[in-house]
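What follows is the residue order along each chain.
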Amino acid sequence: MKNAKLLLLFAMLLLAHSANSQTQNDELLAKQYLSNGEADKAIVLLEQIYLKEPANESNYRLFVSTLLQNKQFEKAEKTIKKRPKNNYPIAIYHFDLGRLYQIQKLEKKAEKEFEKSVKSLGDNLENVTRLIELFFDINELEYIKTIIEEQRLKQNNPSLFNNELAKVYFIQNNKTAIIEEQLNFIQSGLISVQQAQNAFKDYLTEDKELQILRNVLLKKSQINPNFSFYNELLCWVYVQLKDFDAGLIQTIAIDNIRHNEGDDVFNYATLCTENEAFEVAIKAYEYIISKGIDNDLLANTKLNLLLLQKKQAIKITNNPAKLIYLKELFESYIQLNEGSNRSAIARKAYADLLAYYLQDPTLASTVLEKLLDDQIGKPSFLNECKLLLGDIYLMTGEVWEAALLYGQVDKANKDEPIGQLAKFKNAQLAYYTSEFEWAKSQLDILKSSTSQLIANDAINLSLLISDNTNLDSNTAALSLYAKADLLIIQRQYIKANAVLDSIGILYPGHELADDILWTKSQIDLKKNDTLAAIDKLNKIVSLYSEGIWADDALFCIATTYGITMNDRKKGMAYLQKLIEENPGSLYVVEARRLYRKWRGDEL
């Protein structure tokens, strides 16, 4: 008996599958008829499909829409009126009749049916949602507004269909209505400030629209000063408009209303730093310090201010006096906070300043050695310090000490991003010392690194080695090239250029020609000779467009123009060239992001 039931069930499943397959085949055949202009044959098939399963909404819609498209209005009307009412909500029935009359330009009859569809809606939200969607399909927006207003009263939910009504206002270009509704919802506690911000992001797409929101918020905040969300939204608007100074004023107001003692201002300073609005971030930190509240926030603020001053000094000016003044600030801070985690963070940043900007790698290594001896900070932080110290050892020619530190970090952090970075640095070091076979074996492992940047660098260096280690003479040339790379790290630029020039003399026409151009361009950039660098990079693009450095050169020219020289128009031209000519480049994603940013898009 059990087996018989199973056989029966199996047979039923087979029949259902067979019927479904036949229906799909008939639909495809009907579409083929329509594309061939054989509408009558298509309609016969679609009618058969519909009549087999009248409750199937998609079959019904396809059949009726095909009738309407082919102006078979009488048959369409009969089909609509004869559809079984147990599968057909009365509101949708009247809508379909209204649509039929509308297509026939019977406007009064259409309007009458549409009104019936709205009035006959009950409180079934599934049917309401369906009818709203159908009215959107034919762009009848006023009916949608009426439905939403009535349903909000019926359901006693004034925020019902919030997104749908915002969409109506957006289509009608009524941005003020969107703003008012979202603000009313926040005030009533129906949505959060974050939800309103998301809506504004979707529907207020231009600066002039955000300025309308700003003006509305300014008026409302004056009338209702106790509603702090107005100030919170104002701050958000100012950030969207990149008016960070005004945003700081609003943030301070929020902080005072909430009695947060600087927390909101601290978070705003972080946001400004991320957007490179350094001056405003510094003002924010100075405001917190001026409050004089002795707590963790004040301590974190003083550290962040110091780190930001370093970032600003490096980015905005190369004034030696400014850097020396910064050195004094670091020394004072470290002395006052000796033994703390914050002091350790400051010491690491101080070592970086000494090594890369004050040309004192020896003192930098001393600072880091003491930091590692004291073992202050989490393992991840100490690993970062080890990598930095290894890099500084390379500057001072202490190659094996660098290798030891890279190896320690690699071993302790297998498969972690910092471990992969350490492995790459060790592979680089082996390359510098002409241990090409071992270097390549490590680089090949890193080709699948989770970090796209490490993977890209590993691929480039691996290709460089494999392309130039086939013959003894090539290996000798590569050894010279690697030596020049190490000299660059040690800032011996004159010697590095001399070694690179010697390759062309000893091995004329060598395959390293494009690599040499690339390296010389990077020396020029380090010496702030941007025009000379761009000239060499353009030669790579024109002479070696199929080489491994072509996309690097394009991206480097773009960022040199757009960032170093502040000529975004030229930078965008090179980004576009990179995207169009090197679609497979690992730089494409970042190139698209930069292009949109420089064009002024909101990211």
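Relevant structure appears above.
Residues numbered from 1 in each chain as written. Predicted model: local features only at pLDDT ≥ 70, side-chain atom pairs only at ≥ 80, totals over all residues. Heavy atoms only, no water.

A. Main features of the packing of helix 22 (residues 399–412) against helix 23 (residues 417–432). Viewed as axis vectors pointing N to C, helix 22 and helix 23 meet at an angle of 150 degrees, and their least axial separation amounts to 8 Å. Judged by the angle between their axes, helix 22 and helix 23 are roughly antiparallel. Considering the relative orientation of helix 22 and helix 23, their crossing is left-handed. Contact residues: helix 22 offers Val399, Ala402, Ala403, Tyr406, Gly407, Val409 and Asp410, while helix 23 offers Ile418, Gly419, Ala422, Lys423, Lys425, Asn426 and Leu429. Counted by class, the contact of helix 22 with helix 23 contains 8 nonpolar, 3 polar and 3 charged residues. (Axes fitted to C-alpha atoms, helices over the stretch in contact; angles between N-to-C directions. Helix = DSSP H or I, 4+ residues; strand = E, 2+ residues; numbered from the N terminus. Parallel < 35°, antiparallel > 145°, perpendicular 65-115°, else oblique. Left-handed = near helix turned anticlockwise from the far one by under 90°. Contact = heavy atoms within 4.5 Å. Nonpolar A, V, L, I, M, F, W, Y, C, P; charged D, E, K, R; others polar.)

B. Local environment of the side chain of Asp410. Counting through the fold element by element, Asp410 comes out in helix 22. Polar contacts involving the side chain of Asp410 include one to the side chain of Lys423, which spans 3.3 Å. Aside from chain neighbours lying at most four places away, what touches Asp410 is Gly419, Ala422 and Lys423. (Polar contact = N/O pair within 3.5 Å; in protein donor to acceptor, adjacent residues only side chain to side chain.)

C. Inspection of the environment of Ile465 at higher detail. Locating Ile465 in the fold gives a position in helix 25 (residues 452–467). On the basis of relative accessible area, Ile465 is assigned to the buried category, the value being 1%. Distance from Ile465 to Leu234, taken between C-alpha atoms, is 56 Å for residues 231 residues apart in sequence. (Buried < 20%, exposed > 50% of the residue type's maximum accessible area, 1.4 Å probe, protein only.)

D. Highlighting the pattern of salt bridges. Evaluated as defined, the whole model comprises 33 salt bridges. The salt bridge partner of Asp410 is Lys423, with a shortest N-O separation of 3.3 Å. Note that Asp410 is positioned in helix 22 and Lys423 in helix 23, a separation of 13 residues in sequence. Looking at Asp410, the relative accessible area reads 11%, which means it is buried. Residue class for Lys423 comes out buried when judged on its relative accessible area of 13%. One salt bridge in this structure joins Asp444 and Lys440, with 2.9 Å as the shortest N-O distance. With Asp444 and Lys440 both in helix 24 (residues 436–446) and 4 residues apart, this pair spans about one turn of that helix. The exposure class assigned to Asp444 is partly exposed, which follows from its relative accessible area of 30%. (Salt bridge = Lys/Arg side-chain N within 4 Å of Asp/Glu carboxyl O.)

E. Here's a closer look at helix 18 (residues 320–336). A rise of 1.5 Å per residue sets the reference length of helix 18, with its 17 residues, at 24 Å; its end C-alpha atoms lie 25 Å apart and thus fit the reference within 8%. Within helix 18 the residues assigned to the buried category are Leu323, Leu326, Phe330, Tyr333 and Ile334. In a view along the axis of helix 18, the buried residues occupy a sector of 95 degrees, so they form one face of it. In this structure, helix 18 carries Ala321, Gln335 and Leu336 as exposed residues pointing more than 90 degrees from its buried face. (Expected span 1.5 Å × (residues − 1). Arc of directions from axis to C-beta.)

F. Broad picture of the nonpolar core. The biggest cluster of nonpolar side chains holds 71 residues, and the ones touching the most others in it are Phe330, Leu368, Leu394, Tyr431, Ile465, Leu478 and Tyr481. Per-element tally for this core: the top contributor is helix 21 (residues 379–395), with 10 residues. (Core = buried A, V, L, I, M, F, W, Y, C linked by side-chain atoms within 4.5 Å.)

G. The packing of aromatic side chains, seen in detail. Tallied over the full model, the rule gives 21 aromatic pairs. Pairing Phe114 with Phe135 gives two aromatic rings, centres 5.4 Å apart and planes at 70 degrees, and the pair type is edge-to-face. Residue Phe114 is found in helix 6 (residues 107–119), and its partner Phe135 is found in helix 7 (residues 125–137); the two are separated by 21 residues along the sequence. Phe135 carries the same exposure label as Phe114, and that label is buried. Taken together, the ring pairs connect Tyr50, Tyr60, Phe63, Tyr88 and Tyr93 into an aromatic cluster. Seen from the ring of Tyr101, Lys109 lies directly overhead, with NZ or CZ sitting 4.3 Å from the centre. Between the NZ or CZ atom of Lys167 and the centre of the ring of Phe136, over which it lies, the distance is 4.3 Å. (Phe/Tyr/Trp six-rings, centres within 6.5 Å; stacked < 30°, edge-to-face > 60°. Lys NZ or Arg CZ within 6 Å of the ring centre and 35° of its normal.)

H. Main features of the packing of helix 8 (residues 141–155) against helix 9 (residues 162–171). Put simply, helix 8 and helix 9 touch, their axes get as near as 10 Å, and they point 150 degrees apart. Classed by the angle they form, the pair helix 8 and helix 9 counts as roughly antiparallel. With respect to the hand of their crossing, helix 8 and helix 9 are arranged in left-handed fashion. Of helix 9, the residues touching helix 8 (which contributes Leu141, Ile144, Lys145, Ile148 and Arg152) are Asn162, Glu164, Leu165, Val168, Tyr169 and Ile171. Broken down by class, the residue content of the contact of helix 8 with helix 9 amounts to 7 nonpolar, 1 polar and 3 charged.

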